[in-house]
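One letter stands for each residue in the lines below.
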Amino acid sequence: MTSRLDRIARKRREKLERIRARGINPYPYGYHRSHTTQQALALLKEHEESGTKAEAPAVNLAGRVMASRLMGKVSFLVIRDGSGKIQLYFRNDLLSQDVLKLLKDIDIGDIIGASGRLCRTKAGEPSLEVENLTLLAKSLQPLPEKWHGLSDIDTRYRQRYLDLIANTEAKEIFHMRGQIITAIRQFLNQRGFTEVETPVLQPSAGGALARPFITHHHALDQDFYLRIAPELHLKRLIIGGFDKVYELGRIFRNEGISTKHNPEFTMLESYETYADYNDVMAMVEEMVAEVSQQVLGRDKVEFGGNTINFKPPWQRLQLRQAIKEYSGIDFDKYPDADSLRAEMEKKNMEVDPQKDRSRLIDELISTFVEPNIIQPTFVLDYPVEMSPLAKRKPDNERLVERFEAFAGGMEIANAFTELNDPIEQRQRFLKQQRERKVEGEVVETIDEDFLLALEYGMPPTGGLGVGIDRLVMLLTGQPSIRQVILFPQLKEKP
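Residues numbered from 1 in each chain as written. Predicted model: local features only at pLDDT ≥ 70, side-chain atom pairs only at ≥ 80, totals over all residues. Heavy atoms only, no water.

J.: Tell me what's going on with the pairing of strand S1 (residues 58-70), and back it up with residues and numbers.
T.: Pairing between S1 and strand S4 (residues 111-120): seven bridges, direction antiparallel. Bridge assignment links Asn60 to a residue of S4, and that residue is Ser115. Here S1 folds back onto strand S2 (residues 74-80), and the loop between the two strands holds three residues. (Pairing = 2+ DSSP bridges. Helix = DSSP H or I, 4+ residues; strand = E, 2+ residues; numbered from the N terminus.)

J.: Hey, could you go over the packing of helix H6 (residues 168-190) against helix H8 (residues 277-296) for me, with residue numbers and the actual values?
T.: A pair of packed helices can be characterised by two numbers: the angle between their axes and the separation between those axes. Orientation of H6 relative to H8, taken along the N-to-C sense of each, is 135 degrees, at an axis distance of 9 Å. When the interaxial angle is binned, H6 and H8 end up oblique. Crossing angle aside, the handedness with which H6 passes H8 is right-handed. In contact with Met176, Gln179, Ile180, Ala183, Ile184, Gln186, Phe187, Leu188 and Gln190 of H6, H8 contributes Met283, Glu286, Met287, Glu290, Val291, Gln294, Val295 and Leu296. For the contact of H6 with H8, the residue count by class is 11 nonpolar, four polar and two charged. (Axes fitted to C-alpha atoms, helices over the stretch in contact; angles between N-to-C directions. Parallel < 35°, antiparallel > 145°, perpendicular 65-115°, else oblique. Left-handed = near helix turned anticlockwise from the far one by under 90°. Contact = heavy atoms within 4.5 Å. Nonpolar A, V, L, I, M, F, W, Y, C, P; charged D, E, K, R; others polar.)

J.: Give a detailed account of the sheet that holds S4, specifying residues and quantitative values.
T.: Around the barrel, five strands lie side by side as S1-S2-S3-S5-S4; this closed barrel has mixed pairing. On average, each strand axis in the sheet is tilted by 55 degrees relative to the strand beside it, whichever way the strands run. Sheet strands in contact with helix H3 (residues 97-104) are S1, S2, strand S3 (85-91) and strand S5 (126-137), and its direction is about 75 degrees off that of S5.

J.: How would you sum up unusual backbone geometry? Please name residues and give values.
T.: Residues apart from glycine generally show negative phi values, whereas peptide bonds are mostly found in trans. With omega at 0 degrees, the peptide bond leading from Pro312 into Pro313 counts as cis. With respect to the secondary-structure elements, Pro313 resides in the loop between strand S13 (306-309) and strand S14 (315-318). Backbone geometry at Asp221 places phi at a positive 50 degrees, although glycine is not the residue there. Topologically, Asp221 is positioned in the loop between strand S8 (214-217) and strand S9 (222-226). If you check the backbone angles, Asn348 has positive phi at about 65 degrees while not being a glycine. For Asn348, the position within the fold is in the loop between helix H10 (337-346) and helix H11 (357-369). Its relative accessible area of 74% is what places Asn348 among the exposed residues. (Buried < 20%, exposed > 50% of the residue type's maximum accessible area, 1.4 Å probe, protein only.)

J.: Tell me about empty space enclosed by the protein, and please be specific about residues and values.
T.: For the structure on display, the rule yields one cavity of 30 Å³ or more. Each pocket or cavity is described by its volume, and for the largest cavity that value is around 30 Å³. Around the largest cavity, the lining residues are Gln202, Ser204, Gly206, Ala229, Pro230, Leu232, His233 and Asp447. (1 Å grid on protein atoms, 1.4 Å probe; cavity = no way out; pocket = protein on both sides within 12 Å on 5 of 7 lines; lining within 4 Å. Points joined across faces, edges and corners; volume = space filled by probe spheres on them.)

Now the structure itself:
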């Protein structure tokens, strides 16, 4: 039995054939658009305010048909382009028979061009009084039933083009995302950073503790990992003589999917010579506040029912203090995985027996600390086993100079005073690899070329990683990472 949507699609194809039969190309090669819809509306307003008695300006507009009213002697269409929308006004007595025939075959969703003079209808609606009509692309599929407010989440994510057609607020989120990234680049460029690009395909999965995606290069007959971080290549550039570098790029981690996690995401990483994590903290709070001001015009945002204030200085909180405050567990009292696991089980936590102490502490952070930090906060000084790339604190060998920045109940940044001792770095890599093998993960994490590069000497350096998607979530007030990634990963429908 043919569905209603199938019948509509068939009728549209019949219209397409009628149009072709009249010698009209329904998919022409181009169209001269003189103005956007918003430029046309501004032009009409300027004309009306000038008080001139001259004819209103003539323009050529183009856009997608979003509404249609075909009446007796007059008809109306509403088109929308990237800047906004405008009404098209058709008077049958002013139009050729060819235009009238074409008008009858126009459907919602078609992309058209229209030329004529700007006007204001009797109802006061700013419009274009159409003299000529051009079909630019025939839409063969109808927009969803409730295209003016498409709300089905699965459809919005799987068919993002429909979401962007139907929901202007969705398009605005991605406009803002672009503005946020531009503002970050401007901030770093003004501070003397150089933007660089490093490999996505890497022979070892280094720079972070994460499960990688693996692919095979046929010409080299070699397996490669999609990068889980650009860190080790960016540090090579610091060793090579760059003082300040950053990269904005895609990162791939073969792990869970949630409202805060997507397997493919965008990260900013930056490295500055002769800086430590205190310098990086100051830069982060200044950057986020400045980006918020530049994009939103304010340094406060609404997120999850809370008003978040990015104005510096942000709160500083020791990790030990934060975990103790929110979970009641003082991890310093539990020096090994077994004792810490037993204490966590007393809190009714289900704990993986394969996890080492560093991952147990990380679980305490994600379970108790992260969800409870709403205002921007730097959590400082992590156990050395959690941070194999960070430098130890001079007054406490068990901790490293590392911070994570949290806001709105999620982590948005991670930074170190970078370890630049090549001998200690090798020892930490080896220890990390032994522990991962015990946990059942067989992944090549030791980058020998990076260790060799370190032996040539890396200056004291402050490094930073910022989750761009989460920062965009905060600044646009979106509760899910999928709402700020144009094409999020989804399980295929059966």
